[in-house]
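# Chains, contacts and geometry: an overview
Chain by chain, the residues:
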Amino acid sequence: MGHSELIEKLISAVGEDYVHSAHEAMRTYDHDALMIYKGEPGAVVLPSSTEDVSRVMRICHEADVPVIARGAGTCLSGGATPAPGGVLLVTTRMNRIIEVDYENLLARVQPGVINIHLSDETRPNGFHYAPDPSSQMACTIGGNAAENSGGAHCLKYGMTTNHIMAMTVVLSSGEVVQLGADGEEVPGFDLRGFFVGSEGTFALTTEITVRLVPNPEGVRTMLTTFSDMGDACRTVSDIIAAGAVPAAMELMDRYTVEAIEKVMKAGYPQDAAAVLLIELDGLVPSMRSLEAIVREISEKNGCTSFRLAENEKERDALWMGRKKAFGAFGAIAPAYYCLDGTVPRSKLAEVLAEFDEIGKRFGFIITNVFHAGDGSLHPNVLFDDRVPGETVRAVACGSEILRACIRAGGVLSGEHGIGIEKMNEMVEQFDEPTLKMMERMRDAIEPTGLLNPGKIFPGENVLFPIVESGAISARATGMSK
Amino acid sequence: MSPPSLDKFASAVLADTGEHDLITETGSAGYGLGGKVPNLVAQPKTHEAVARVLARASEAGLAVVPWGGGTSRRGGYPPARYDVALSTVRLSGLVEFLREDLTAVVGAGMTVSSLDSLTVPEGQTAGLDPPHPDRATVGGTIIADRSGPMRVRFGRARDRVMRMRVALADGSTHTYGALVVKNVTGYDMNRLLAGSWGTLAVVTELAFRLYKNPERVEARAVGFPSAAAAFGAARKLTRMPLSPMWVEVVDAGRIAALRGGSAGMALPGPWCLAAAYGDFREGLMEQLGRAEDLFGKEGGAELHRFHPEEAARLARALADSPGGEFNDSNALEFQTSGRLDQLPRFAAAAASAARAGGGYRLASAAHAASGVFRCWLSPASENVSPLAAWEAFREGCRAGADRKNGRAVHVRLSAAPASLRDETDVFGEDALDSPVIELMRRLKAEYDPQGTLSPGRFVARI
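The structure displayed is predicted, hence computed values, not measured ones.

Conventions used here
Residue numbers run consecutively from 1 along every chain, following the written order of its sequence. Chains and ligands are labelled by the order in which they are written, letters from A for the one and numbers from 1 for the other. Local features in this predicted model are restricted to residues of pLDDT 70 or higher, and side-chain atom pairs are both shown and tallied only at a pLDDT of 80 or more, whereas totals for entire chains, interfaces and linings draw on every residue. Strands here are runs of E lasting at least two residues and helices are runs of H or I lasting at least four, both read from the DSSP assignment and numbered beginning at the N terminus. For a compact globule the rule gives 2.2 Å times the number of residues to the power 0.38, and the radius of gyration it is set against comes from C-alpha atoms. Three exposure classes are used. Buried residues have 20 or more other C-beta atoms within 10 Å of their own C-beta, exposed residues have 12 or fewer, and partly exposed residues fall in between, all C-beta atoms being placed from the backbone. Placing C-beta atoms from the backbone, we regard two residues as in contact once those atoms come within 7 Å. An automatic or database domain assignment supplies the start and end points of every domain. When DSSP finds at least two bridges between two strands, those strands are taken to pair. All axes here are fitted lines through C-alpha atoms, helices being fitted over the stretch that makes contact, and every angle between N-to-C directions spans 0 to 180 degrees. If you view the pair so one helix is near and one far, a crossing is left-handed when the near helix is turned anticlockwise from the far one by less than a right angle, and right-handed when it is turned clockwise. Each residue gets one of three labels, nonpolar for Ala, Val, Leu, Ile, Met, Phe, Trp, Tyr, Cys and Pro, charged for Asp, Glu, Lys and Arg, and polar for the others, Gly among them. Take the buried Ala, Val, Leu, Ile, Met, Phe, Trp, Tyr and Cys residues, join any whose C-beta atoms are within 7 Å, and the set you get is a nonpolar core. Throughout this description, any angle smaller than 35 degrees is read as roughly parallel, any larger than 145 degrees as roughly antiparallel, any in the 65 to 115 degree range as roughly perpendicular, and the remainder as oblique. The span you would expect from a helix comes to 1.5 Å times its residue count less one.

For the rest of this paragraph, the subject is the overall build of chain A. In terms of regular secondary structure, chain A is built from 16 helices and 19 strands. The C-alpha radius of gyration computed for chain A amounts to 22 Å, which stays within 12% of the reference 23 Å derived for 481 residues, consistent with globular compactness. For chain A, the C-alpha atoms occupy an extent of roughly 70 × 60 × 40 Å along the three principal directions. Out of the 481 residues belonging to chain A, those deemed buried represent 61%. The long-range share in chain A, meaning contacts at least 24 apart out of those at least 6 apart in sequence, stands at 73%.

Given below as structure tokens:
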């Protein structure tokens, strides 16, 4: 099937207004939030229903053209970067909250629903959708399902996979199937669980049933500072070991604090080696004992200050610095590369010191702002993407950082996924038989090789060569996570 | 007399491992499944030896069923072929207890009680609560995905697995996951293996995410006149911003079994809603107070308060099977799950099953905040029809349910005589889309193309 015939068929499937193929339009979609790899799609299609997606899939199957799903394009590992010439299926129009069932704490949504929109809808009624990736203002629930996204509050509430009950998916054959159910017990292999986090390589998700959780009655936010990163990391471990699981525990290093204070006055002490932001939630009367535990542990580990937000305004102020951290890196470097290696909590201090060494070796500053409670790191390599060769060196530095995580018993990715970004390091994480079995699983589920090709597994055909100059995760001033 | 392939297999394993007592014929009758008894029992001590047993069995064309504590023996399909039982009894040691990281790495053959006895003195728990914890192994609990009442607190059993070592039918070995709580590195193979009923690979070692035990746990129970009232109150409780350890609704039959059983627990009836909370003292008192307020408003009667020790006993009793007459070789166990507001329908289906079967005594219990319903039927006369009871339950649960939009109701025959399991869809797989079953067949074929592992035992007789 030629390109023009393909376009005609796609138009007949979803309507003329929803198929784009002009070169200029394609460039908008040639990357996701990992900007270093690009692939220009052959067409962009905006379906509105499961039936649309199934029709598009059948056409592409017949034409032997790759299909790549894209939500909001916030993926940081290249999961939504289109295979060159492929059909990019953008879920923007599939943004309907189909049903909210408060009686049973379930919501059924289309994949293009923006993460925070669901909570915006349900929160006034006392419930919310718990997974909250930092990009939740923009990212979609379909994208979250594909990547099994995390977020600051996963520490207490779990990852995306813990909140998805069922999915309607379109297989590469075009068949529509249900995985999971409203009930927890579903016969057979846990395909729902297996498909969540498969990064668009198994199937196209067209409907998702998620759990809602009651809003916490009380929230307390506190900020503690330390003159030593090791003390801060120990505090994190001790708080969890004490059984006081906070809703979130976010740790920022010296460089991050400096950057934040440069662009905005968050009120973080500039001389602190580590700033730990802790949020507790639960019943109002429970807060007092939890707060006392956190304070006692922080003091025992030598915190240099302990501040409790007295009201909503102060709470927002404490969070503001954390939320603007990524944007603030622009004050100290033109570009940054954000990774998400994850290690056992007890290894945090050790790997952070190693990151510093790696940075020195490469001549890059590495900042750290991360979900400390579950050992989920976000090291950021700061570099100048205008200098030829620096982008490639920053990627090499990132690779060293990931290897350090693996050596510490950790993993390549805690929440961003493998995508294109980390596929070469997969051989460091898994032995060959294990990695091969994952590939065989993909081939068994998706035998055509058309769904999101060139991702996850290192292969001979490199679909996405590195873009020599250009930001990696983002222009430093451009976006916040 | 063993057929030659068995002899060849046994001597090959001996040559590989040098262990004379690894393969035995003795006691194989204790490993029977659905009337089929294996010729040999293998009891390897190491991950590597498990891999050798599997490789040699595949070479010899033998069928192997992995065996933990044998607590699922009355469930699933009887295996199509069954030559060797592979017991994990000798893979029961502690590998590593990383207290600071709240992580325990143990052999798959360790019992759930043994794991608890390691972690509980440290104030930590894996939160596993299958029936018969003193026999059920951690490997079996994960592989059969046995999640009990505490799933509302800790999630499904499979959610607790950080890392898994497995041996495949061809003798290769894989390690999935890592000792981290957050991990999206490659596909979620742990989830594929958990709940796979020993049909994909043999799990030899598991790393569990542990949780700190709450400072104090207490439970409350009240009686309601009807299932609708008890489940209605449970739904309201679930919608409150509390964090229960478990929320259970049990019927009069289950209450009687609890009173008469070894636990000797007295609960109010005829329908009892019981819930436990765990927290620091201040928070606990608040949670219990609010639960009690709700019980009162909903018309719950005879409030029972269970202080920590009794609450722990009650939790164990509720997680267990009723025992006694419900343990009879002709007894039945059914399970289903759905939306919380479907639970009263499931309870009605259980009652009609007991009647339609021609006289069964009934006990039922629901994980009422998770939508999971279980019931046990014990024959009260000679002329019972297990098939009629099962069909009445299945049809009753599914009546009025919309199969579209993920609304299929999956009904499982959890335990029954082999004759009944042989003539029905044991796992309720008739409600799955057929391409989904086809996908499962393909995954099985990749892992175990020869059908060495538990052939015919799982969904759609995979």
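Scanning chain B from terminus to terminus reveals 14 helices and 19 strands. Against the 2.2 N^0.38 benchmark of 23 Å for 462 residues, chain B shows a C-alpha radius of gyration of 22 Å, consistent with a compact globule. Along the first, second and third principal axes, the C-alpha set of chain B runs to 70 × 55 × 45 Å. Counting over 462 residues, chain B shows a buried share of 62%. Considering only contacts within chain B whose residues lie at least 6 apart along the sequence, 71% involve residues at least 24 apart.

Turning our eyes to something else, we now look at the domain arrangement of chain A. How big an interface is tends to be expressed through the accessible area that disappears when the partners come together. What the domain assignment lists for chain A is domain 1 (3–90), domain 2 (97–214), domain 3 (216–330) and domain 4 (333–451 + 466–481). The straight-line distance from the C-alpha centre of domain 1 of chain A to that of domain 3 of chain A is 42 Å.

Turning next to the sheet that holds strand E3 (residues 64–67) of chain B. Each strand in a sheet pairs with another by means of backbone hydrogen bonds, the pair being arranged parallel or else antiparallel. Residues and elements named next belong to chain B. Spatially, four strands are ordered E1-E2-E4-E3 in an open sheet, and the strand pairing comes out mixed. Each of the sheet's edge strands pairs with one partner strand only, and the pair in question is strand E1 (23–24) and E3. Alignment of E3 against strand E4 (residues 84–87), held across four bridges, turns out to be parallel. Opposite Val64, over in E4, you have Val84 as the bridge partner.

This paragraph deals with the packing of helix H7 (residues 227–239) of chain B against helix H9 (residues 281–297) of chain B. Residue and element names in this part refer to chain B. Taken N-terminus to C-terminus, the directions of H7 and H9 make an angle of 145°; their axes are 10 Å apart at the nearest point. The element H7 and its partner H9 pack so that their crossing is right-handed. Packed against H7, whose contacting residues are Ala233, Lys236 and Leu237, the element H9 presents Ala291, Leu294 and Phe295 at the interface.

Before going further, it helps to examine the interface of chain B and chain A. Residue-level contacts link 72 residues of chain B with 81 residues of chain A. Counting only elements with at least two residues in the side of chain B that touches chain A, the list comes to strand E9 (173–177), helix H6 (189–193), H7, H9, strand E16 (332–337), strand E19 (410–415) and helix H14 (434–447) of chain B. A total of seven residues in the side of chain B that touches chain A trace back to one element, the largest contributor, which is H14 of chain B. Residue composition of the side of chain B that touches chain A, grouped by class: 27 nonpolar, 22 polar and 23 charged.

Looking now at the nonpolar core. One broad rule of soluble globular proteins: the nonpolar side chains tend to lie buried together. Within the largest apolar cluster, 319 residues are counted, with the highest numbers of intra-cluster contacts made by Val56 and Leu89 of chain A together with Leu54 and Leu273 of chain B. At eight residues, helix H11 (residues 343–356) of chain B tops the list of elements feeding residues into this core. Setting aside chain neighbours within four positions, we find Leu54 of chain B in contact with Val64, Ala167, Leu168, Ala169, Gly171, Val202 and Thr452 of chain B.

All names here are of chain B. Along the chain, Val105 falls in strand E6 (residues 103–107). When the 17 C-beta atoms within 10 Å are taken as the criterion, Val105 is described as partly exposed. Each C-alpha atom, one on Val105 and one on Phe154, is 18 Å from the other, the two residues being 49 residues apart in sequence. Leave out the neighbours within four places in its chain, and Val105 touches Val95, Glu96, Glu205 and Ala207.

Residues and elements named next belong to chain B. On domain assignment, one finds that chain B holds domain 1 (4–89 + 447–461), domain 2 (94–212), domain 3 (216–319) and domain 4 (324–431). Between domain 1 and domain 4, the residue contacts involve nine residues of the former and nine residues of the latter. Of the residues belonging to the side of domain 1 that touches domain 4, the class tally is four nonpolar, four polar and one charged.

All names here are of chain B. For strand E14 (residues 271–279), the tally of buried residues reaches nine of nine residues, placing the bulk of the element in the interior. Where strand E13 (residues 244–250) and E14 come together, six bridges link them in antiparallel fashion. Bridge pairing links Val250 to Cys272 in E14.

This paragraph deals with the sheet that holds strand E12 (residues 216–224) of chain B. All names here are of chain B. Taken in spatial order, the eight strands line up as E15-E12-E14-E13-E17-E18-E16-E19 in an open sheet, and their pairing is antiparallel. Each end of this open sheet is capped by a strand with a single partner; those strands are strand E15 (301–306) and E19. Neighbour-to-neighbour, the strand axes of this sheet turn through a mean angle of 20°, independent of strand direction. In this sheet, strand E18 (residues 372–379) lies alongside E16 in antiparallel orientation, the contact comprising six bridges. Paired with Glu333 across the two strands is Trp376, which belongs to E18. Contacting E13, E14 and strand E17 (360–367), helix H8 (residues 252–260) runs over the sheet at an angle of about 95° to E17. The strands touched by helix H12 (residues 386–398) within the sheet are E16, E17, E18 and E19, with E16 carrying the most contacts at an inclination of about 10°.

Two measures define how a pair of helices packs: the angle their axes make with one another and the distance between the axes. Residue and element names in this part refer to chain A. Between helix H13 (residues 348–362) and helix H14 (residues 390–407), whose axes approach to 10 Å, the crossing angle comes to 155°. Considering the angle they form, H13 stands roughly antiparallel to H14. Between H13 and H14 the crossing geometry is right-handed. The segment H13 lies against H14, with Val351, Glu354, Phe355, Ile358 and Phe362 engaging Arg393, Cys397, Glu400, Ile401, Ala404 and Cys405. Across the contact of H13 with H14, the residue classes tally to eight nonpolar, no polar and three charged.

All names here are of chain B. Burial analysis of strand E8 (residues 161–167) places seven of its seven residues in the buried class, the great majority of the element. Sheet analysis places E8 next to E9, joined by five bridges and oriented antiparallel. Directly across from Met164, in E9, lies its bridge partner Tyr176. Linking two consecutive strands that pair antiparallel, namely E8 and E9, is a turn of five residues; a positive phi of about 90° is found at Gly171 within it.

The next point concerns H11 of chain B. Residues and elements named next belong to chain B. In this model H11 runs 20 Å from its N-terminal to its C-terminal C-alpha over 14 residues, within 8% of the 20 Å that 1.5 Å per residue would give. Taking burial as the measure, the 14 residues of H11 include ten buried ones, the bulk of the element. Along H11, the residues classified as buried are Leu343, Pro344, Arg345, Phe346, Ala347, Ala349, Ala350, Ala353, Ala354 and Ala356. Summarising the contacts, the buried residues of H11 are in contact with H7, E16, E17, E18 and H12. After H11 finishes, the residue Gly358 shows a positive phi value of roughly 85°.

Residues and elements named next belong to chain B. Relative to the assigned elements, Glu438 resides in helix H14. Of the residues examined, Glu438 has 15 C-beta atoms within 10 Å and is grouped as partly exposed. Taking the C-alpha atoms as reference, Glu438 lies 46 Å from Pro121; in sequence the two are 317 residues apart.

Geometrically, the link from Gly269 of chain B to Pro270 of chain B is a cis peptide bond, its omega value of 0° lying close to zero. We note that Asn452 of chain A has phi near 45°; this positive angle belongs to a residue other than glycine. Structurally, Asn452 of chain A is set in the loop between helix H16 (432–445) and strand E19 (474–475). Positive phi, normally seen in glycine, also occurs at Ile456 of chain A, with a value near 70°. Tracing the backbone through its elements, the reader meets Ile456 of chain A in the loop between H16 and E19. Judged by the 27 C-beta atoms lying within 10 Å of it, Ile456 of chain A is buried.

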